[in-house]
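Descriptive analysis of the structure
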Amino acid sequence: MKISKAAAAAAIAVALSLTATACGGSKQDAASDGGASGGAKDKLVVGIKYDQPGLGLKTPDGKFTGFDVDVATYVAKELGYQPDQIEFKQAPSAERENLISNGDVKFVVATYSINDKRKEKVDFAGPYFLAHQDLLVRADDTSITKAEDLNKKKLCSVTGSTSAQNVKTKLAPEADLLEQGGYSECLTGLENKAVDALTTDNSILAGYAAQEKNKGKFKLVGLSLSNENYGIGLKKGDKELQTKINAALKKMVEDGSWQKAVDKNLGPANFKSEPAPQITEGS
Amino acid sequence: MFDFLDSGQYDVLGAFWVTVQLTLYSAAGSLIWGTALAGMRVSPVPLLRGFGTAYVNLVRNTPLTLLIIGCSLGLNQTLGIALGGSTFKEIGFRLAVLGFIAYTGTFVCEALRSGINTVPVGQAEAARALGLSFFQVLTLIVLPQAFRAVVAPLANVLIALTKNTTVAAAIGVAEAALLMKEMLENEPQALFAVFAVFALGFVLLTLPTGLLLGWVAKRVAVKR
């Protein structure tokens, strides 16, 4: 791509105006939140997903449920915050790094896989969960048992997600891949037999399969197509918070709350979770 | 800052080519469909007029995202309509074009209808007095003049359409916005650079369109 050099100069101008507006907006946000990064210890702002059943979900009545929410609540408790002092903020995948580095949230617990590119912008604590890319199929479908079976199948995933890219480049390049805006859209296709399988992290799949309205309709194939170590994202260089969160996670595993949270949120889908991973970040 | 472009991992030009294709097919389709709708809205048949009005007001006021996702979820995944495509890549593209035509056609229709209003009533009356049918009056006398009056508004519709094609990413059409999502997932350290590249790409697509059609509009306008 030679044009990139020429385009770069012009693009920087656009980038500058974008950053300028972005900064203005976020400062206002931080101010109105009242103490995301301020000294007063009255509110703790935590970034979670709002749309992933079993992990981070905002229910219609405004409550938050899921494994990520339980982990966030436990960590907050260890940091000295009562549940009513936690304020959850939506952290969509593309915005997680910015929410953290702008100080809009103290930390992010949102199926956040630890990887090197992300570590350039943020630090992680944990991991607190080891997930694998897996497949969700209709409960009566036995034709898919390994990744190669996908080459003749219709597959669904979310636009731009790492799982979708894995399929395209590595797992099954010949699979007919449909990229939808969200996993719920994929489930519609799966139920109507327009697609044969849905792929992403097994924790996310288990969350959907465990939903009341989906019970008995779908099953996990149980493959380990990749390793995703979920970490808690926090501001780069905040060693003190990282150490505290790591200690909290360790304690959560040791006193059994971790296993209880897994069973409660992901258990109904017959999801066999692995034991809690070793903490590797910041030690 | 822009080194992710040189990694060879992302086909930015290819993605924008899909955007261009989506735009061209949808523009051609919506020009035809919009003209037909405009014909219905000014026709002497009450049923056609009623249909045209109802369709334009319904579709124009429906969010485009809803229409496109409706095409994918409703037509394809629930009813199994594939428009002759066999892979999701083909099906998605065709469904997206269908959605864009349905939506953009309403704006073309309304632009044309305003163009029809610039043609003096006397012209249609004179044509009718010569014994031309409604269809002949419309296609021979009124529409040719109306089109020349609405080149600039149609250019706006075309520019809006170019940018609207990003919605097709929601149903997995591999155009620019989909690639941008993929790059944002992989390159969080270059968030604003990625934005900038795609913003620039769309400026490069739409700015010449606007300039060219603005010039054409001046050339062909009927001076009254």
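Because the structure is a prediction, the values reported are computed rather than measured.

**Here's the deal with the confidence of the model for chain B**
Residues and elements named next belong to chain B.
- Averaged over every residue, the pLDDT of chain B is 91; the share at 70 or more is 100%.
- At the level of individual helices and strands, chain B shows its lowest average pLDDT in helix α8 (residues 176–186), which scores 87, and its highest in helix α2 (residues 46–60), which scores 96.
- With a pTM of 0.77, the predicted complex shows an ipTM of 0.70.

**Brief notes about the state of the cysteines**
- Considering all chains together, one arrives at 1 disulfide over all chains under this definition.
- Here Cys156 of chain A pairs with Cys186 of chain A through a disulfide, and the sulfurs are 2.0 Å apart. Across the S-S bond of Cys156 of chain A and Cys186 of chain A the torsion is about -70 degrees, and the bridge reads as left-handed. A residue pair is termed long-range when its members are at least 10 positions apart, and Cys156 of chain A in strand β8 (residues 154–158) and Cys186 of chain A in helix α6 (residues 183–191) qualify at 30 residues.
- The class for Cys186 of chain A is buried, based on a relative accessible area of 0%.
- The thiol of Cys71 of chain B is not disulfide-bonded; the next cysteine sulfur, from Cys156 of chain A, is found 17 Å away.
- For Cys71 of chain B, a relative accessible area of 9% corresponds to the buried category.
- Cys71 of chain B supplies the cysteine sulfur nearest to Cys109 of chain B, a cysteine that is in no disulfide, at a spacing of 19 Å.
- Classification of Cys109 of chain B as buried rests on a relative accessible area of 0%.

**Regarding the UniProt feature "transmembrane region" (unreviewed entry) in chain B**
All names here are of chain B.
- Mapped onto the present numbering, the UniProt feature "transmembrane region" (unreviewed entry) falls on residues 12–33, 64–83, 95–114, 126–143, 155–178 and 190–217.
- A distance of 31 Å separates the end C-alpha atoms of residues 12–33, which is 100% helix and 0% strand.
- Helix makes up 78% of residues 126–143 and strand 0%. Its end C-alpha atoms lie 15 Å apart.

**Notes on the nonpolar core**
- Within the largest apolar cluster, 53 residues are counted, with the highest numbers of intra-cluster contacts made by Phe107, Phe129 and Ile232 of chain A.
- Examining the composition of this core, we find that 7 residues originate from one element, helix α2 (residues 67–78) of chain A, more than from any other.
- When residues of this core are assigned to domains, at least three fall in each of domain 1 (44–131 + 229–269) and domain 2 (132–226) of chain A.
- With residues up to four places along the chain from it excluded, the contact list for Ile232 of chain A reads Val71, Val75, Phe107, Val108, Val109, Asp123, Phe124, Ala125, Tyr128, Ile245 and Leu249 of chain A.
- Of all hydrophobic cores here, the second largest spans 22 residues; its members include Val119, Ala127, Leu143 and Val157 of chain B.

**Notes on the interface of chain B and chain A**
- Of the residues lining the interface, 33 residues belong to chain B; the matching set on chain A comes to 42 residues.
- A per-residue breakdown of the area chain B buries against chain A is headed by Gln77, Phe88 and Glu185 of chain B, which together make up 23% of the total.
- Here chain B is connected to chain A by 3 salt bridges.
- In this structure, Lys168 of chain A and Glu182 of chain B form a salt bridge, with 3.1 Å as the shortest nitrogen-oxygen distance.
- At the boundary of chain B with chain A, the tally comes to 11 residue pairs in polar contact (both at pLDDT 80 or more).
- The residue inventory of the side of chain B that touches chain A, partitioned by class, reads 19 nonpolar, 8 polar and 6 charged.

What counts and how
Residues numbered from 1 in each chain as written. Chains lettered and ligands numbered in written order. Predicted model: local features only at pLDDT ≥ 70, side-chain atom pairs only at ≥ 80, totals over all residues. Heavy atoms only, no water. pLDDT = per-residue confidence, 0-100. Helix = DSSP H or I, 4+ residues; strand = E, 2+ residues; numbered from the N terminus. Disulfide = S-S within 2.5 Å. Buried < 20%, exposed > 50% of the residue type's maximum accessible area, 1.4 Å probe, protein only. UniProt positions renumbered as here; feature names shortened; annotations may be inferred. Core = buried A, V, L, I, M, F, W, Y, C linked by side-chain atoms within 4.5 Å. Domains from an automatic or database assignment. Contact = heavy atoms within 4.5 Å. Buried area = accessible area lost by both parts, 1.4 Å probe. Salt bridge = Lys/Arg side-chain N within 4 Å of Asp/Glu carboxyl O. Polar contact = N/O pair within 3.5 Å; in protein donor to acceptor, adjacent residues only side chain to side chain. Nonpolar A, V, L, I, M, F, W, Y, C, P; charged D, E, K, R; others polar.

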